[in-house]
Structures are given as structure tokens and as C-alpha cells.
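Structural overview
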Amino acid sequence: MRILQLLILLLIAQSVNAQTKSVLFLGNSYTGANNLPQMVADVTESTGRVLDFDKNTPGGTTFNSHTTNATSLEKINAQDWDYVVLQGQSQEPSFSQAQVEQQTFPYAAELCEAIRANDPCSQPIFYMTWGRENGDQGNCEVWPPVCTYEGMDSLLNLRYRMMAEANDAFISPVGALWRYIRDNELPLDLYSNDGSHPSAAGTYAAACAFYSVIFRADPT
């Protein structure tokens, strides 16, 4: 009887542990806006699960910057994370293929290597961001594909999927979810006033996407 009780307690402990995930968020103001990590934790809590998280989200930070950011590296090595979220500068992955291959892909790979060097079981999650509401007007003249929302968003979608595939990583398809919402004209204002950063509704949509990826669960 004592052995049976111990086995039952072990099974319960394993079940509870499966409902708790540890996640480090590395990004910039897109992740920091409306405190996305906390919103993911709140969504998680509403389902009876637990998200333990930490973050480093300095404004404008690129993958390259995170590879040399002492805080980011310290947090990667602080514990054995279940997942580490990687979000790049909002425009960078949408630039020309040659530029992205030089300025983005190598540093995304370097971060994945650092994550797995700390714990081989940790899984990177690339945070697919979205096209700006009216495209990237600041770079439109020199790189016409980003002149529209659709053009910029398509490139971000492609490049994040390329990074996830090349690094055997997961992807949180937030940008694809935003596009679904826009294409179907759902009554949600996803953008803040600058047409770039997320509104509270936009961050909530992102939080639902992350919950689904982290826990492999229906976010409804």
C-alpha cells in the first residue's frame, strides 16, 4: 500500500510539473509593450497552469545586440529554461535577403547556440512579429517590398520561419494571427497610435498565441 501511495504521489507531481513552464523573453519594445510576458502569465493562470518567466526587453534591441548584452547572457545562464523567446528588431528581418543573411541570421543562430549550451533541453521560440500598419515608410524608397503592410508582413513571416527551421526551433506565429485578424476584418484595433507597436488588444492576441505554443493547448 505504501508503494502504491508513493506511485500516486509521483504521478500527481509529474502532472503538476507538466502544467508549469519556465520562459525567458528576450526582445525589445514589441515584447515590453503592455508587458507581454506578464500577460502570457495571466492568460496561463486563468487556465490553472503556471508560467514562471523573466525578461530583458531594451528598446530597439536586435539579435546581434542580445548576443553581447550582459543581462541577456546572464539570464540565459541563470537557470534551465523550458523555452527562451527570441524577438528581433521589428524591421530588420524584412530587409533584403543579403542584408538579413549578414545582419540577422548569424546572430539568431548564436543565441540558439547559447541557449542550448546552457541546457540542451531548452527550446528557442522565435517571436514572429507583424508588418507595420501602413508598411515601413522609412525604408520604402530603398527597399520597395516593405512599402505596404502586406509586403513587409510577408517578409517577416518568411524570415522568421526560415530562422525557426534553420535552428530547429519553435515559432510563435503572432504576425500570422494578426494578419488573419486583419484579413477577416475582425473588430480589433491591434496597433497603438504609432502604427507599429501593439495595442493592449494586439498584445492579448500575441499572449494567446504564446500560450498555445508553450502549453500545446487550445487558447480559447
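Heads up: these notes are all about the structure in this document. Everything numeric in this text was worked out from a predicted model, so none of it was measured. (Residues numbered from 1 in each chain as written. Predicted model: local features only at pLDDT ≥ 70, side-chain atom pairs only at ≥ 80, totals over all residues. Heavy atoms only, no water.)

This part covers the overall build of the chain. Helix and strand counts for the chain stand at 10 helices and 5 strands. Relative to a compact globule of 220 residues, whose C-alpha radius of gyration would be 17 Å, the chain shows 18 Å and is just as compact. Considered along the principal axes of its C-alpha atoms, the chain spans approximately 75 × 40 × 25 Å. Out of the 220 residues in the chain, the part that is buried amounts to 45%. Here the contacts in the chain between residues at least 6 apart in sequence split such that 74% fall between residues at least 24 apart. (Helix = DSSP H or I, 4+ residues; strand = E, 2+ residues; numbered from the N terminus. Rg over C-alpha atoms; globule rule 2.2 N^0.38 Å. Buried < 20%, exposed > 50% of the residue type's maximum accessible area, 1.4 Å probe, protein only. Contact = heavy atoms within 4.5 Å.)

What follows deals with the pattern of salt bridges. Tallied over the full model, the rule gives 2 salt bridges. The salt bridge involving Asp54 is made with Lys75; its shortest N-O contact spans 2.9 Å. Taken together, the residues span a long stretch of sequence, with Asp54 in strand β2 (residues 50-56) and Lys75 in helix α5 (residues 70-76) at a distance of 21 residues. Among the residues examined, Lys75 registers a relative accessible area of 19% and is labelled buried. Notably, a salt bridge pairs Arg179 with Asp153, separated by 3.2 Å at the nearest N-O pair. Residue Arg179 is located in helix α9 (residues 174-183), and its partner Asp153 is located in helix α8 (residues 149-166); the two are separated by 26 residues in the primary sequence. You can call Arg179 partly exposed: its relative accessible area is 21%. The class for Asp153 is buried, based on a relative accessible area of 2%. (Salt bridge = Lys/Arg side-chain N within 4 Å of Asp/Glu carboxyl O.)

Our next topic: the nonpolar core. Ranked by size, the top nonpolar core spans 30 residues in total, and within it Val40, Leu51, Tyr127, Val174, Phe210 and Ile214 carry the most contacts. If you list the elements that add at least two residues to this core, you get β1 (20-26), α3 (36-46), β3 (83-86), β4 (123-127), α9 and α10 (200-215). Among the elements that take part in this core, α10 stands out by supplying 9 residues, more than any other. In this view, Val174 contacts Tyr127, Met128, Trp130, Ala206, Ala209 and Phe210; residues no more than four positions away in its chain are not counted. Ranked by size, the runner-up nonpolar core spans 24 residues in total, among them Trp81, Val84, Ile115 and Ala169. (Core = buried A, V, L, I, M, F, W, Y, C linked by side-chain atoms within 4.5 Å.)

As a further point, take the pairing of β1. In the case of a regular strand, side chains alternate between the two sheet surfaces. Counting buried positions over the 7 residues of β1 gives 5, a clear majority of the element. In the sheet, β1 pairs with β2 via 7 bridges, with the strands oriented parallel. Directly across from Ser22, in β2, lies its bridge partner Asp52. Two strands pair when backbone bridges link them, and β1 and β3 are joined in this way by 4 bridges, in the parallel orientation. Looking across to β3, one finds that Leu24 is bridged to Val84. (Pairing = 2+ DSSP bridges.)

Along the chain, the position of Ser94 falls in the loop between β3 and α6 (97-103). We classify Ser94 as buried; its relative accessible area is 0%. Sequence-distant contacts of Ser94, that is, excluding residues within four places in its chain, are made with Trp143, Val146, Met152, Leu155, Leu156 and Arg159.

Where α9 is concerned, the buried positions are Val174, Gly175, Trp178 and Ile181. One side of α9 holds all its buried residues, which, seen down the axis, span an arc of 120°. Exposed side chains of α9 directed beyond 90 degrees from the buried face belong to Tyr180 and Asp183. Residues of α9 that are buried make contact with β4, α8, β5 (170-172) and α10. Looking one or two places after α9, you find Glu185, whose phi comes out positive at around 50°. (Arc of directions from axis to C-beta.)

By themselves these figures say nothing about function.
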